[in-house]
Amino acid sequence: MKFEISTKPLTDIKAQSLIVGLFEDGQLTETEVALDMATKGLLSELAADKTFFSKENDVIRFHRPDGLNVSELIVVGLGKIENFDDTVFEKAFQTALAATPSQHVAVSVLDWLAVGRTVEWTVMHMARLALTQHEPIKLEKVNENSPRKVTLLVNKNTETVKDAFYLGEAIGHAVNEAKYLGNLPPNVCTPSYLGEVAKSYKKLKGVTVTVHDEKAIEKIGMHAFLAVARGSEVKPRFIELHYAGGKKNDAPICFVGKGITFDAGGICLKAKQRIAEMKYDMCGAATVLAVFHACASMKLPLNIIALIPACENLPDGNAYRPADVIDTLAGLTVEIANTDAEGRLVMCDAMTYSARFEPEALIDVATLTGAVGTALGDHFTGLFVNDPMLCGTLETAADVAIDPVWTLPFNGAHFKSRLKSNIADCANTGPAGGAGASVAATFLAQFVPEDTSWAHLDIAATAYVGGKLPHSTGRPVGLLLTWLHQMAHARA
Ligand code: BES
Ligand code: MN
Ligand code: ZN
């Protein structure tokens, strides 16, 4: 897909298709008034005729409209002006893009400004939405799927508009990559496959990649991670990526992504109904890989480290058992109450490992608990954070990125008591009692390096859509890239 930012008036633009948005109350924007005049009242007449065109997402295509330089004019309904928000914007723009197979689409950005949103914001999302229009069945094929050119029409092509466009483009590509990896079958997307994906980023400037094999993981002392990995013939990998885009002494931002390439539950085997969905248990890893890739490609002036513990959770003869007591890299012993609470065991060792880099912030991303979906549904990612500043910047980024989060509690005495063990320092999960997502976060909190800002994103209900035609969503790539982009700006 090719993009172009242009400041030409709507009446002059040469393209196959021109997309404009029209509000239900018929109020024309400034740019639309000019278009209306050039077309002798096409838009105002349309807006007045409610039998013909009114609702949100109604689409009308005019072939060879008089007075314009385009082969078709596509008008899409934006609904009532007072209801026009991020969601309506996204849906209407997607509908308009899908309405035509045309190879060169121009869109008038200024007609689509939601309340409180800027030209920059709209440009960013239009680039993202255009790139993520088709499912990335084969990553190499994403661009071939849609060889179209998209022209974004703005009033001024400023540096901030360009910057917003680059971010939107980066998010679009990264979302496609995360979706692609998430959708791969578990016999293809193995821990070593994820390692190869990571190694492919080595060609980018400032990037170094180490893929630790089982022996190396043992040497590091990641016993909790290894306990989980032991249940499968497929060997684990601990993937470590460094991107040095910032100053030498800038503390890095560290990401940890859950890379369970298939979660059968281990000896506490899952029921067959939805077990196939557990190929998505590496969506945290997919997010972290795609975000890392995008940062290095954008040359963000930050130091970033990505850590991915990748393995399967299977019930082999050598698998870890309920009632086992295992060691962790941090030295805490853990009694296994449930082998299906494996995510926190692989994550905790990677989090401990991050301490050696003294990160400025540690952000972990994991499809950790079914309970987060019970608490929040599939709209909000569960956010657990120990630092109000980090909480604020993440919430702002989530709002800008249309990638929502909701903060949940953890670490209170109540949650801590749920992890008590008679035989070890703690258990990996508690007896039934609800709040499973908070209990899991409370477990992880024990492994946050001292004095470190930490955020945990539980994406079990937002990283993929289950059911009949399951697919990965690419969340929370948008949130994290937007946050990093804002961090980079704050730094500059
Ligand atoms: N990978 C699952 C979490 C999950 C559940 C992701 C549903 C996506 C959809 C995780 O490893 C798991 O099995 N968690 C258990 C924890 C429980 C045993 C304390 C769960 O949520 O049931
Ligand atoms: Mn599990
Ligand atoms: Zn899992």
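These numbers were taken from a predicted model, which means no experiment stands behind them.

Novice: So what exactly am I meant to see when it comes to the coordination of the manganese ion (ligand 2) here?
Specialist: In an ideal octahedron of six donors the angles at the metal are 90 or 180 degrees, and in an ideal tetrahedron of four donors they are 109.5 degrees. Ligation of the manganese ion (ligand 2) by protein atoms is provided by D263 (OD), D340 (O), D340 (OD) and E342 (OE), these donors lying 2.1 to 2.2 Å from the ion. Around the manganese ion (ligand 2) sit six donor atoms; with metal-centred angles ranging over 71 to 170°, the donor geometry is irregular. In this model, the manganese ion (ligand 2) sits 3.1 Å from the zinc ion (ligand 3), the two metals being bridged by D263.

Novice: Would you mind showing me how to read the pairing of strand 18 (residues 453-458) here?
Specialist: Burial of strand 18 is extensive: six of the six residues sit out of reach of the surface. The two faces of strand 18 match: S453, A455 and L457 on one face and W454, H456 and D458 on the other face are all buried. Direction of pairing for strand 15 (residues 381-385) relative to strand 18: antiparallel, over a ladder of four bridges. Each bridged residue has a counterpart across the sheet, and for F384 the counterpart in strand 18 is H456.

Novice: How should I be thinking about the site of ligand 1 in this particular structure?
Specialist: Inspection of the region around ligand 1 gives 17 residues, with K270, D281, D340, E342 and G370 positioned closest. In this structure, an oxygen atom belonging to ligand 1 sits 2.9 Å away from a side-chain N or O atom of K270. Residue E342 places a side-chain N or O atom 2.8 Å away from an oxygen atom belonging to ligand 1. Here ligand 1 has 510 Å² of accessible area as a free molecule, and 78% of this is covered by the chains. For the shell around ligand 1, a count of residues per class yields five nonpolar, five polar and seven charged.

Novice: Please clarify how the nonpolar core should be interpreted in this entry.
Specialist: Inside soluble globular proteins, nonpolar side chains tend to come together where they are buried. Residues W112, L241, W483 and L484 are the most contacted members of the largest nonpolar core, which totals 103 residues. Looking at this core element by element, the count peaks at eleven residues for helix 10 (residues 283-298). Setting aside chain neighbours within four positions, we find W483 in contact with I253, F255, A361, I363, L390, T393, L394 and A397.

Novice: Explain helix 1 (residues 30-38) to me, please; I cannot follow it from the model alone.
Specialist: Residues three or four positions apart in an α-helix share a direction because the helix packs 3.6 residues into each turn. Within the span of helix 1, buried status applies to E32, L35 and D36. Each buried residue of helix 1 sits inside an arc of 100° when the element is viewed along its axis, so together they form one side. Those residues of helix 1 that are exposed and angled more than 90 degrees off the buried face are E30 and M37. A positive phi of about 55° marks K40, the residue just after helix 1.

Novice: I would appreciate a short explanation of the pattern of salt bridges in the present structure.
Specialist: Oppositely charged side chains can pair when the atoms bearing their charge come close. Evaluation of the coordinates by the stated rule reveals 21 salt bridges. Across the salt bridge formed by E360 and R491, the nearest N and O atoms sit 2.9 Å from each other. With E360 in the loop between helix 11 (343-354) and strand 14 (361-366) and R491 in helix 16 (residues 477-491), the pair connects residues that are 131 residues apart, well separated along the chain. Owing to a relative accessible area of 33%, E360 belongs among the partly exposed residues under this scheme.

Novice: Would you explain the coordination of the zinc ion (ligand 3) in this entry?
Specialist: In the first shell of the zinc ion (ligand 3), the protein supplies K258 (NZ), D263 (OD), D281 (OD) and E342 (OE), at 2.0 to 2.4 Å from the metal. The site at the zinc ion (ligand 3) holds six donor atoms, and with the angles between them running 79 to 175°, its shape is octahedral. Written as a sequence motif, the donor arrangement for the zinc ion (ligand 3) is K-x4-D-x17-D-x60-E. The exposure class of D281 is buried, given its relative accessible area of 2%.

Novice: Explain the packing of aromatic side chains to me, please; I cannot follow it from the model alone.
Specialist: What describes a pair of aromatic rings is the distance from one ring centre to the other and the angle between the planes of the rings. Taken as a whole and judged by the stated rule, the model has 16 aromatic pairs. An angle of 65° between the planes, with centres 5.2 Å apart, marks the rings of F3 and F165 as edge-to-face. Of this pair, F3 sits in strand 1 (residues 2-6) while F165 sits in helix 6 (residues 159-183), and the two are 162 residues apart along the sequence. Look at F443 and F447: their rings are 5.3 Å apart centre to centre, the planes differ by 40°, and that puts the pair in the tilted class. Judged by its relative accessible area of 0%, F443 falls in the buried class. For F447, a relative accessible area of 3% translates into the label buried. Through successive ring pairs, a cluster of aromatic residues spans F89, F93, W112 and W121.

About the thresholds
- The residue numbers shown here count from 1 along each chain, following its written sequence.
- Chains carry letters and ligands carry numbers; both start at the beginning, A for chains and 1 for ligands, and go up in the order they are written.
- A pLDDT threshold of at least 70 governs which residues receive local features in this predicted model, and a stricter bar of 80 or more applies before side-chain atom pairs are shown or counted, although totals over entire chains, interfaces and linings include all residues.
- The side-chain figures draw on all heavy atoms in the structure; neither hydrogens nor water molecules are used.
- Listed donor atoms are N, O and S within 2.8 Å of the metal (Na, K and Ca: 3.2 Å). As water is not included, a site may look incomplete.
- Site shape is set this way: if four donors have all angles between 85 and 135 degrees, tetrahedral; if opposite donors are over 155 degrees apart and all others between 65 and 115, square planar for four donors and octahedral for six; otherwise irregular.
- Think of it in three bands: residues with accessible area under 20% of the maximum for their type are buried, residues over 50% are exposed, and the middle band is partly exposed, with areas taken using a 1.4 Å probe on protein chains only.
- Counting from the N terminus, the helices are DSSP H or I runs at least four residues long and the strands are E runs at least two residues long.
- At least two bridges found by DSSP between two strands are what make those strands a pair.
- Think of it this way: one heavy atom of a residue within 4 Å of a molecule or strand is enough to make that residue near it.
- Whenever a nitrogen or oxygen atom comes within 3.5 Å of another N or O atom, the pair is scored as a polar contact, on the condition that within protein one atom can donate a hydrogen and the other can accept it, and that pairs from neighbouring residues in sequence are kept only if both atoms are in side chains.
- Using a 1.4 Å probe, the Shrake-Rupley method yields the accessible areas, and only the shown protein chains count as cover for residues.
- All amino acids are sorted into three groups, where Ala, Val, Leu, Ile, Met, Phe, Trp, Tyr, Cys and Pro are nonpolar, Asp, Glu, Lys and Arg are charged, and the leftover types, Gly among them, are polar.
- What makes a nonpolar core is a set of buried Ala, Val, Leu, Ile, Met, Phe, Trp, Tyr and Cys residues whose side-chain atoms join them at distances within 4.5 Å.
- Whether two residues are in contact is decided by their heavy atoms: any pair within 4.5 Å suffices.
- Taken from the helix axis, the directions to the C-beta atoms give the arc we talk about.
- The working definition used for a salt bridge is a side-chain nitrogen of Lys or Arg within 4 Å of a carboxyl oxygen of Asp or Glu.
- In this analysis, rings of Phe, Tyr and Trp, with Trp reduced to its six-membered ring, are considered paired at centre separations within 6.5 Å, and the interplanar angle assigns stacked below 30 degrees, edge-to-face beyond 60, and tilted for intermediate values.

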